[in-house]
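# Structure at a glance
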Amino acid sequence: MKPGHDKAWRARLTRARHAWKTFEYRVRFGPSSDRGVETSIARLPPQSWQKLSFVLATLTLTGSIGQKFYNQPELSVGSIAPYTIEASASVRVENPDETEARKRNARRGADPVLVTDPELTAEIYRQFDREIERVTALRKVAGAFPYLKNDILSNPAQTFLRSCSDDLWNEILFGLDINSDDLNLGELGLVSSQPTSSTPRPSETARDDVLDLEANTSFAAEQASRELLVYRDRVNIQEFRQTLEATIRARRRYREAIAMIDETLSPENRRFIPVIFELTDLEWQQLLRRSRQAIIQITTQGIPAGLPSETIANAARLQLSSFNLTRIARELGEQWITQAASPNLTIDPEQSRERAELAANKIEPVLVTIKQGETIIRAGETINPEQFILLDHFNTVQRDLVSWGGLLKFGCGVIAVLFAYGWVERRSRTKLGLRDRALLVSISLSAPLLVGLSAPTSSLAAIGLMSGSFYGSWLGAATVCGLAVLLPFGLTLEIGLLVSGAVGGLFGAMMAGRLRSREELALLGLCIGLVQGITYAIITLIELLVGGSSGLVWSLLLGEALLQGVWGVASGIVVLGLSPYLEHLFDVVTPVRLAELANPNRPLLKRLAAEAPGTFQHTLFVATLAESAAKALNCNVELVRTGTLYHDIGKMHDPLGFVENQMGGINKHDTINDPFVSAQLIEKHVTEGLAMARKSRLPQAVQAFIPEHQGTMLIAYFYYQAKQNHSGRGVREEDFRYAGPIPQSRETGIVMLADSCEAALRSLKDASYDDALNMVNKILRARWQDGQLRESSLTRAEMGKIAEIFVQVWQQYHHKRIAYPKAALANNP
């Protein structure tokens, strides 16, 4: 056999082995299909497997959810009695549903147990003391009162003389008809028409609040003048002078205190300025003591949340009325107490729960009574709940192990829901494989399982979060809605649990499609818990209000809502823990998993960067081209990026066999000098890449990029070299083509085009935009005409858009820069 024929024969054997591997690839995984923006590529099973999966899903969901149709009576509430039935004995039968409903209302209607909180009470006392300290500080600035003995001047006279205006003060002094030389009034500064410059001037606000309240009536002035005249006549000049000095000191200190009002007193307390300064020290201490006793009494009794301030003021007034205080002093005390008072009662959950259970235990069982021989129901009448209880007691309802009629109707409902689910699947451009459907049915079975175990929650939140993160927001929401429709028909489930779980599941499903990390998944679990808890509280409150319950036990309501919130958070924790295992077991590709695989610190990518650096740089540029095109065509960008990073990992089996890794050195293929062997070496990077991907347990959706980015393209360089060397004899084109398969999805098709254009774009230096676009269009046209894209779902119209995007990315990478002059690059001293 001639050498050329021998090499061609070996190439045919290699092609046969590749064809067999391709056959195995298609049998195992089937053709790929596009999942759109939020989901990954799924492997479609044969048509028969799709029908079988539909039947299995229908039977599984019908059998697991339709638990109401097991051990069901032929006669039920709402059905028509076929004949008249009489009681065979006198009985009193409990109505368990009604009894439990009344107990539940009793639990929720019991008043909560409130206890005083020491910390809240201490804060009230601190607030009260702060207000007292501010007012007491003003009194200290104003000085003691009375500042003279009462046998000299009465308290009203001292009050007037201390607070009257300077004009009135001067008039009173002149009216005393005394010799100013004897008293040295000028030396004392007692006569002036304005306050001294050293006296602080109160603000306009304080003057309006205070000076308008000064007791400057003629009666008060005359009374004070008479008392001064009487005292003047009783004492000598020196004693009288000392009295005037004490008065002027009191006036000055009073003015200083007035100037501090704005920064010391709150607006509510300014109307009490007269009583603050007029009370004697003894009366002041009594007011403080009585006010403290009153607030202690009020806080001991407890202040519940939502109590109006008017009620607190009335309580303070009642407490202070028993003390011997003036009216204005009592009002001041009321103001202090009202300002400081705040809720200090909190709910004791344990005692409230005990009280609720005690109230429920007091409920007498609801009994249905009948005497022997009395008619339970007549033929043709509709059975009501009480009659059904009696019929069931006498074993006349004729229970069947399975109510086939009801179960068949429920199965029809399941089929309708599955058809609606399929419509959503098609609208969302999502194709689910057999393993995907098995996973969705498996996680859906958790809902009837929890109900069967009498768990105080539903798993709808976890189902929505998991299905949404695995298959996208719309399919996740459709899963939750379908289960929310089926569950109440097939199971006995509290409406609050159903609605809160459904709302939490819908929220989780719609948000899950945007997740890009496990941390975001954990945070979403917290949000689901909040949404589920709030929804449960709203639904339960509506039930209580509609039912006419009064005295709501907010502690129990909030406790149940908090429990549902905790279950919502737990759903996030469960999904977070199970997701990695389910992703590997069912080969599900989620955005989170793709982001993790695209991390450059992954072992396989680190090896690629170290062992084949040229290939790694080629991969990065191809990923940039493919990502931009995928985003513009509304494809799965995360899948494109991750698949591109791994599409050439097979080149690590012989890095120097590829020109990008030769770094200007000797071309290995020149040494081989055999186009058949060189073609085998080039083609081998696909099979080696698949072997590496399987060893590293990469998802099948990512593995698909390794063979499909080459498709069945011709290894043109070595093909034409072989034809030239052997004059075309014994050289077949199929011996120099990749084994395939051709791209089965839009994502892999885009990567094939980006990979084909990368080397050509890198080779361009000073080409214009139009030149680059023409070259890219020529390459894309060749791939289209070669039939490489016929199964990728890419359209001919999209080729032009892809070409423009590739050229735009190339321009961004190869933008022009200003050439630095040589002098700028030299090291100048």
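Residues numbered from 1 in each chain as written. Predicted model: local features only at pLDDT ≥ 70, side-chain atom pairs only at ≥ 80, totals over all residues. Heavy atoms only, no water.

## Thoughts on the packing of aromatic side chains
To describe a pair of aromatic rings, you give the distance between the ring centres and the angle between the ring planes. Operational definition: Only centres within 6.5 Å qualify two rings of Phe, Tyr or Trp (six-membered ring in Trp) as a pair; their planes then separate them into stacked at under 30 degrees, edge-to-face at over 60, and tilted for everything else. Type-normalised accessible area, obtained with a 1.4 Å probe on protein chains alone, sets the label of each residue: buried when under 20%, exposed when over 50%, and partly exposed for intermediate values.
Applying the stated criterion to the full structure yields ten aromatic pairs. For the ring pair tyrosine 231 and phenylalanine 240, a centre distance of 6.3 Å and an interplane angle of 35 degrees mean the geometry is tilted. You can call tyrosine 231 buried: its relative accessible area is 7%. Residue classification places phenylalanine 240 among the buried residues on the basis of a relative accessible area of 1%. Pairwise contacts between aromatic rings join Phe676, Tyr719, Tyr720 and Phe736 into one cluster.

## Section: the pattern of salt bridges
Worth spelling out the cut-off: Salt bridge, as used here, is a side-chain nitrogen of Lys or Arg placed within 4 Å of a carboxyl oxygen of Asp or Glu. The way it works is that DSSP assigns letters per residue, a run of H or I at least four long becomes a helix, a run of E at least two long becomes a strand, and they are numbered from the N terminus.
Scanning the model with the defined rule gives 25 salt bridges in all. One salt bridge connects aspartate 129 with arginine 292, and the closest N-O pair in it is separated by 2.0 Å. You can see aspartate 129 sitting in helix H4 (residues 118-142) and its partner arginine 292 sitting in helix H14 (residues 281-301), a full 163 residues away along the chain. According to the relative accessible area criterion, aspartate 129 is partly exposed, its value standing at 27%. Glutamate 660 serves as the salt-bridge partner of lysine 651, at 3.0 Å between the closest nitrogen and oxygen. Its relative accessible area of 9% is what places lysine 651 among the buried residues.

## So, the packing of H14 against helix H15 (residues 309-320)
Applicable threshold: Angles run from 0 to 180 degrees between N-to-C directions of axes, and those axes are lines fitted to C-alpha atoms, restricted for helices to the stretch in contact. Angular relationships are summarised with four words: roughly parallel below 35 degrees, roughly antiparallel beyond 145, roughly perpendicular across 65 to 115, and oblique for the angles in between. Crossings are classed by handedness, with left-handed meaning an anticlockwise turn of the near helix from the far one by less than a right angle and right-handed meaning a clockwise turn. Contacts: residue pairs with any heavy atoms within 4.5 Å of one another. Basically, the charged four are Asp, Glu, Lys and Arg, the nonpolar ten are Ala, Val, Leu, Ile, Met, Phe, Trp, Tyr, Cys and Pro, and anything else, Gly included, counts as polar.
Two numbers describe how H14 lies on H15: the axes approach to 9 Å, and their chain directions differ by 130 degrees. In terms of axis orientation, H14 runs oblique to H15. The two elements H14 and H15 meet at a crossing, and its hand is right-handed. Facing Arg290, Ser291, Ala294, Gln297, Ile298 and Gln301 of H14, the residues of H15 in contact are Ala315, Ala316, Gln319 and Leu320. Here the contact of H14 with H15 is built from residues that sort into five nonpolar, four polar and one charged.

## Some words on helix H32 (residues 675-695)
Heads up, the condition is: Given the number of residues in a helix, its expected span is that number minus one, multiplied by 1.5 Å. Note that the bend at a residue is defined as the angle between axes fitted to the seven residues ending at it and the seven residues starting at it. A 3.5 Å cut-off defines polar contacts: any pair of N or O atoms within that distance qualifies, except that in protein one atom must be a possible hydrogen donor and the other a possible acceptor, and neighbouring residues in sequence count only when both atoms are side-chain atoms.
For H32, with 21 residues, the first-to-last C-alpha span of 30 Å sits near the 30 Å given by 1.5 Å per residue. The sharpest bend along H32 reaches about 30 degrees and sits at lysine 684. The backbone nitrogen of phenylalanine 676 has a side-chain oxygen 3.0 Å away, supplied by the residue at the start of H32, namely aspartate 674. Within two residues after H32, arginine 697 carries a phi angle of roughly 60 degrees, on the positive side.

## Brief notes about the confidence of the model for the chain
For clarity, the cut-off: Values of pLDDT, ranging from 0 to 100, describe the predictor's confidence in every residue of the model.
Taken over all residues, the pLDDT of the chain has a mean of 80, while the share at 70 or more is 83%. In the predicted structure, residues 191-216 sits below a pLDDT of 50 and forms 45 contacts with residues beyond four places in sequence or in another chain.

## Some thoughts on H15
Rule in force here: For this quantity, the arc is that covered by the directions from the helix axis to the C-beta atoms.
With twelve residues, H15 should reach 16 Å at 1.5 Å per residue; the first-to-last C-alpha distance of 16 Å fits that figure. Among all positions of H15, only Ile312, Ala313, Ala316 and Leu320 are buried. Considered in projection along H15, the buried side chains sweep an arc of 100 degrees and stay on one side of the axis. Exposed and facing more than 90 degrees away from the buried side of H15 are Glu310 and Leu318.

## Comments concerning the pairing of strand S5 (residues 91-94)
Across a regular strand the side chains alternate sides, sitting on one face of the sheet and then on the other. How we decide: Paired strands, in this sense, are two strands between which DSSP finds at least two bridges.
Across the two faces of S5 the burial differs, with Val91 and Val93 buried and Arg92 and Glu94 not buried at all. The pairing of S5 with strand S8 (residues 367-370) spans four bridges and is antiparallel. From the neighbouring strand, glutamate 94 faces S8, where its bridge partner is leucine 367.

## Focus on a nonpolar patch on the surface
Put simply, the rule is: Every patch collects residues that have over 30% relative accessible area and no salt bridge, joining them within 9 Å if they carry like charges and within 5 Å if they are nonpolar side chains (Val, Leu, Ile, Met, Phe, Trp, Tyr). Computed with the Shrake-Rupley method and a 1.4 Å probe, the accessible areas treat only the protein chains shown as cover for residues.
Together, Leu530, Ile534, Ile538, Ile542 and Val546 give the surface a local cluster of nonpolar side chains, amounting to about 500 Å² of exposed area. Within the fold, leucine 530 resides in helix H25 (residues 518-547).

## A closer look at the side chain of glutamine 744
By the secondary structure assignment, glutamine 744 is in the loop between helix H35 (716-725) and helix H36 (746-763). The class for glutamine 744 is buried, based on a relative accessible area of 5%.

## Things to note about the environment of glycine 302
Within the element layout of this structure, glycine 302 appears in the loop between H14 and H15. Owing to a relative accessible area of 17%, glycine 302 belongs among the buried residues under this scheme. Along the sequence, glycine 302 and threonine 346 sit 44 residues apart, while their C-alpha atoms lie 9.4 Å from each other. Once residues lying within four places of it in the same chain are set aside, the contact partners of glycine 302 are Thr116, Asn344 and Leu345.

## Section: the side chain of serine 469
With respect to the helices, strands and loops of the structure, serine 469 is situated in helix H22 (residues 460-471). A relative accessible area of 12% means that serine 469 is categorised as buried. Residues within four places of serine 469 in sequence aside, it is in contact with Ala512, Thr590 and Pro591.

## Remarks on the environment of threonine 748
Counting through the fold element by element, threonine 748 comes out in helix H36. By relative accessible area, threonine 748 is classed as buried at 0%. Between the alpha carbons of threonine 748 and isoleucine 706 there is a distance of 9.0 Å; along the sequence they are 42 residues apart.

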